[in-house]
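Inside the fold
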Amino acid sequence: MEKINFYTVKSKTLFQRKIAEKIAFSVFRSSAFICAGALGILFYFLISRGYSAINWTFLTRPPREAMTEGGILPCIIGTFGLSIGAIIVALPIGVMAAIYLTEYARDGKILRIVRLGINNLAGVPSVVFGLFGLALFCIYLKMGVSLAAGALTLSLMSLPIIIGATEEALRAVPDSYRYASLGLGATKWQTIFRVVLPAAAPGILTGAILSVSRVAGETAPIMFTGAVFFTPSLPSSIFDEVMALPYHIYVLATAGTNISQTRHLQYGTALVLIALVFLINIIAIVIRAKLRKKMKI
Amino acid sequence: MSSGKKKILVEDLDFYYGDFKALSSISIDFNENEVAALIGPSGCGKSTFLRCLNRMNDLVSNTRVEGKIILDDEEIYTSGLDVVELRRKVGMVFQKPNPFPKTIYENVAYGLRVNGIKDKNYIQSQVEKSLKQAALWDEVKHRLKDNALGLSGGQQQRLCIARALAVEPEVLLMDEPASALDPIATTKIEELIHELKKNYTIVIVTHNMQQAARVSDVTAFFYMGELIEAADTDTIFTNPGNKKTEDYITGRFG
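Everything quoted here is computed from the prediction, not taken from an experiment. (Residues numbered from 1 in each chain as written. Chains lettered and ligands numbered in written order. Predicted model: local features only at pLDDT ≥ 70, side-chain atom pairs only at ≥ 80, totals over all residues.)

1. Some details on the overall build of chain B
Rules: Put simply, DSSP H or I for four residues or longer makes a helix, DSSP E for two residues or longer makes a strand, and each gets a number counted from the N terminus. The atom set for the radius of gyration is the C-alpha atoms, and the globule formula is 2.2 Å times the number of residues raised to the power 0.38. Counts of 20 or more other C-beta atoms within 10 Å of a residue's own C-beta define buried residues, counts of 12 or fewer define exposed ones, and intermediate counts define partly exposed ones; C-beta atoms are placed from the backbone. Each residue gets a C-beta atom placed from its backbone, and two residues are in contact if those atoms lie within 7 Å.
Looking only at helices and strands, chain B has ten helices and ten strands in total. Taking 254 residues into account, the globule formula puts the C-alpha radius of gyration at 18 Å, and chain B, at 18 Å, falls close to it. Each of the 254 residues in chain B was classed as buried or not, and the buried ones make up 44%. Put simply, of all contacts in chain B between residues at least 6 apart along the chain, 68% involve residues at least 24 apart.

Here it is as structure tokens:
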């Protein structure tokens with residue numbers, strides 16, 4: 001066989017090829033750094049401006065003096081309640097829907113329509129969820145502006161995320177487990193409940209918690225349904241209205257009477273919200289790591 | 001062929017993946033307390049055939065079966081038959097060891113639990129018995145609460161055999177059970193098969209000619225979705241009736 005003569009055939013030199021590689025890699029690297037850097041700058045911004053507002057009173061007292069003084073305790077409690085409520089509703093429904101979609105549903109027209117619906121649910125703007133929640137939960141179901149209505153609206157919003165994460169986790173469970181179980185005379189439901197779900201649990205839980213951290217920071221879905229401008233008392237039932245961190249930021253920054261005086265409170269509240277979201281994410285990571293270790297996956 | 005009681009009768013079985021005919025008019029019988037080896041080149045349909053025997057192919061969409069398989073005078077491809085009960089009676093060991101990510105104990109107890117048994121003492125004795133039958137008891141008796149995925153590949157496969165035995169099936173299907181194992185583990189599995197045939201009807205798919213010769217009483221040679229020849233293992237390996245069989249077992253193709 002004749003060898004290639006690199007001097008006569010038109011070809012890139014080794015030097016040229018290495019330069020191309022260097023350029024490509026540095027572009028990729030800087031892209032990654034820009035992503036991480038954006039988060040870093042955001043943090044720096046929030047911490048440098050907000051940390052002066054953070055103190056014990058801020059975290060444990062309600063607002064005073066037309067919200068220019070005092071703390072944000074009702075907002076923390078409210079956001080906490082809304083998130084917990086959302087997950088309690090959305091997790092079982094989302095997991096059951098995902099089990100149906102991945103384990104039971106036969107391919108066909110109905111399945112395609114259901115899937116299309118779920119995917120589109122993920123694309124619905126959050127303010128539309130808010131208006132929908134207002135119409136359905138607050139007005140039609142007569143819940144009024146309440147913790148329950150806000151949590152239900154947020155749960156609708158987190159459903160596609162939970163369903164997506166659960167489907168992915170279920171699909172990651174090797175079919176060999178399913179075959180082994182069915183081969184022993186287990187029914188399909190026993191197989192799912194005793195083998196597939198436990199193996200998928202870390203993924204499902206992580207997805208669920210991450211979805212909570214996503215919706216915990218939403219403003220639009222709760223501003224018509226659950227959160228109010230100001231309420232002096234903490235909620236005593238799920239049909240009480242609440243204050244919430246994201247809406248409180250919005251109120252202080254745009255609709256209050258003392259916008260510039262409360263600037264540091266706005267940054268402080270944002271910092272608390274971000275910290276809360278981070279805390280939830282860290283909990284998700286720890287739970288996943290623990291479950292994975294237990295199952296050696 | 002040996003004179004044992006017939007356990008499974010296969011009559012004129014065709015199998016389709018969509019339009020592709022993977023098996024055509026297979027007829028063969030399996031006797032009680034015998035080991036039958038299915039051999040043939042990759043893609044010849046032997047594993048597909050094995051999975052027909054406990055209707056595992058039902059799980060693959062767009063497949064179709066024609067013909068009859070009769071287990072203990074009962075046809076298995078009828079709508080009246082309960083697949084769940086069939087699979088308890090016809091156990092299966094897979095090519096790759098597939099223990100559940102549970103404890104060793106729970107792996108073996110699983111089949112009993114899903115079949116509705118709640119008696120703890122019975123489960124415990126059955127777990128011990130099955131692990132002993134699978135020649136794994138001495139290696140794991142002190143760590144039954146450990147995760148099964150921490151066992152070696154050979155141990156995992158014996159655990160899977162124990163798991164299959166725990167529900168006391170009547171037939172044991174083995175799909176290349178030793179192909180992922182080293183020679184020592186393979187020897188153990190083969191000795192085990194010898195031991196097990198006293199109580200079970202065993203059908204084993206293997207790519208290893210020596211293994212087929214060592215463990216089986218009868219051997220069936222599959223080629224391109226057809227059963228070319230089935231006879232006593234001695235006959236197949238010393239005096240095959242078909243040229244293709246001879247070519248395959250002497251390594252001329254496959």
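2. Digging into the sheet that holds strand β5 (residues 74-75) of chain B
All names here are of chain B. To be explicit about the condition: In this description, strands pair whenever DSSP reports at least two bridges between them.
Taken together, the four strands give an open sheet; going across it, the order is β2-β1-β4-β5, and neighbouring strands pair in antiparallel fashion. A strand with exactly one partner marks an edge of an open sheet, and here the two such strands are β2 (20-31) and β5. Relative to strand β4 (residues 63-71), strand β1 (residues 6-17) runs antiparallel, the two being bridged by eight bridges. Paired with Y17 across the two strands is T63, which belongs to β4.

3. Observations concerning the interface of chain A and chain B
Taken together, the contacts link 17 residues of chain A with 24 residues of chain B. For the side of chain A that touches chain B, the secondary structure elements donating two or more residues are α7 (175-183) and α8 (188-216) of chain A. Looking at which element gives the most residues to the side of chain A that touches chain B, the answer is α7(A), with six residues.

4. Topic: the nonpolar core
What counts, and what does not: The term nonpolar core refers to a group of buried residues, namely Ala, Val, Leu, Ile, Met, Phe, Trp, Tyr and Cys, whose C-beta atoms join them within 7 Å.
By size, the foremost hydrophobic cluster in this structure holds 144 residues, and its most contacted members are A:A208, A:A244, B:L38, B:A162, B:L173, B:V203 and B:I204. Counting residues per element, this core draws most heavily on helix α6 (residues 147-171) of chain A, which supplies 15 residues. Apart from residues lying up to four places away in sequence, B:L38 is in contact with B:K46, B:F49, B:L50, B:V203, B:V205, B:A220 and B:F222.

5. A word on the sheet that holds strand β9 (residues 218-223) of chain B
Residue and element names in this part refer to chain B. How we decide: Axis lines are fitted through C-alpha atoms, for helices just across the contact stretch, and the angle between N-to-C directions can take any value from 0 to 180 degrees.
An order of β6-β7-β8-β3-β9-β10 is seen for the six strands of this open sheet, with the pairing classed as mixed. Where the open sheet ends on each side, the last strands, each with one partner, are β6 (90-93) and β10 (226-232). Going across the sheet, the axis of each strand differs from the next one's by a mean of 15°, ignoring polarity. Here strand β7 (residues 171-175) runs beside strand β8 (residues 201-205); their pairing, made up of five bridges, is parallel. By the bridge assignment, L173 is partnered in β8 with V203. Strand contacts of helix α6 (residues 153-166): β6 and β7, with the helix running at about 170° to β6, the strand carrying the most contacts.

6. Describing unusual backbone geometry
All names here are of chain B. Phi at D12 is positive, roughly 55°, even though this residue is not glycine. With respect to the helices and strands, the residue D12 is situated in strand β1. The backbone phi angle of S25 is positive, close to 35°, even though this residue is not glycine. Relative to the assigned elements, S25 resides in strand β2.

7. Focus on the environment of A:H248
Following the sequence through the fold, A:H248 ends up in helix α10 (residues 245-255). Separated by 18 residues in sequence, A:H248 and A:Q266 place their C-alpha atoms 8.1 Å apart.

8. Considering the packing of helix α3 (residues 104-114) of chain B against α6(B)
Angle between the axes and distance between the axes: these two values describe a pair of packed helices. Residues and elements named next belong to chain B. Let me state the cut-off plainly: Oblique is the label for any angle not covered by the other classes, which are roughly parallel (under 35 degrees), roughly antiparallel (over 145) and roughly perpendicular (65 to 115). Handedness of a helix crossing follows the sense of rotation of the near helix relative to the far helix, less than a right angle counterclockwise being left-handed and clockwise being right-handed.
For the pair α3 and α6, interaxial distance at closest approach is 7 Å and the crossing angle is 30°. The pairing of α3 with α6 is recorded here as roughly parallel in orientation. Crossing angle aside, the handedness with which α3 passes α6 is right-handed. Contacts between α3 and α6 pair I104, N107, V108, Y110, G111 and L112 from the former with L159, A162, R163 and A166 from the latter.

9. Remarks on the pairing of β4(B)
Residue and element names in this part refer to chain B. Bridge analysis of β4 against β5 gives two bridges, and the strand direction is antiparallel. Bridge pairing in β5 links I70 to E75. In this structure, the hairpin formed by β4 and β5 is closed by a connection of two residues, where D72 is found at a positive phi of approximately 50°.

10. Focus: the environment of A:I280
Residue and element names in this part refer to chain A. Take I280: it is sitting in helix α11 (residues 263-295). For I280, a count of 17 C-beta atoms within 10 Å gives the class partly exposed. Setting aside residues no more than four positions away along its own chain, I280 makes contact with I209, V212, S213 and A216.

11. A short note on the confidence of the model for chain B
Any segment with low pLDDT has predicted coordinates that should not be analysed in fine detail. To be explicit about the condition: On a scale of 0 to 100, pLDDT captures the predictor's confidence in every residue.
Per-residue confidence for chain B averages 91 on the pLDDT scale, and 98% of its residues sit at or above 70. On the interface metric, ipTM, the complex scores 0.89, and its pTM is 0.82.

12. Concerning α7(A)
Of the residues making up α7(A), those classed as buried are A:R178, A:A180, A:S181, A:L182 and A:G183. Buried residues along α7(A) sit in contact with α8 of chain A together with α2 (83-89) and β6 of chain B. Among the residues trailing α7(A), A:G185 stands out with phi positive, at a value near 90°.

13. With respect to the confidence of the model for chain A
Looking at chain A, the pLDDT average stands at 88 and 98% of residues meet or exceed 70. No element of chain A has a lower mean pLDDT than strand β2 (residues 69-70) of chain A, which averages 74, and none a higher one than α7(A), which averages 94.

14. Quick look at the domain arrangement of chain A
Accessible area lost on assembly of the parts is the figure often given for the size of an interface. Residues and elements named next belong to chain A. Going by this rule: Annotation comment: domain bounds sourced from an automatic or database domain assignment. Lys, Arg, Asp and Glu make up the charged group, whereas Ala, Val, Leu, Ile, Met, Phe, Trp, Tyr, Cys and Pro make up the nonpolar group; the residues left over, Gly among them, are polar.
With domains assigned, chain A is organised as domain 1 (19-52) and domain 2 (54-295). Placing a centre on the C-alpha atoms of domain 1 and another on those of domain 2 gives a separation of 28 Å. Taken together, the six residues of domain 1 in the interface contact seven residues of domain 2. Across the side of domain 1 that touches domain 2, the residue classes break down as three nonpolar, two polar and one charged.

15. Some remarks on the pairing of β9(B)
All names here are of chain B. Burial within β9 is extensive, with six of its six residues counted as buried. Taking every second residue as pointing to the same face, both faces of β9 are buried, with V218, A220 and F222 on one and T219, F221 and Y223 on the other. Alignment of strand β3 (residues 35-39) against β9, held across four bridges, turns out to be parallel. The residue bridging L38 from the neighbouring strand is A220, located in β9.

16. Some words on the packing of α3(B) against helix α4 (residues 120-133) of chain B
All names here are of chain B. Where α3 contacts α4, the axes come no closer than 9 Å and their chain directions differ by 115°. Between α3 and α4, the angle falls in the class roughly perpendicular. Of the two elements, α3 crosses α4, and the hand of that crossing is right-handed. In this structure, α3 uses Y105, V108, A109 and L112 to contact α4, whose residues at the interface are I123, Q126, V127, S130 and L131. Grouping the amino acids of the contact of α3 with α4 by side-chain chemistry returns seven nonpolar, two polar and no charged.

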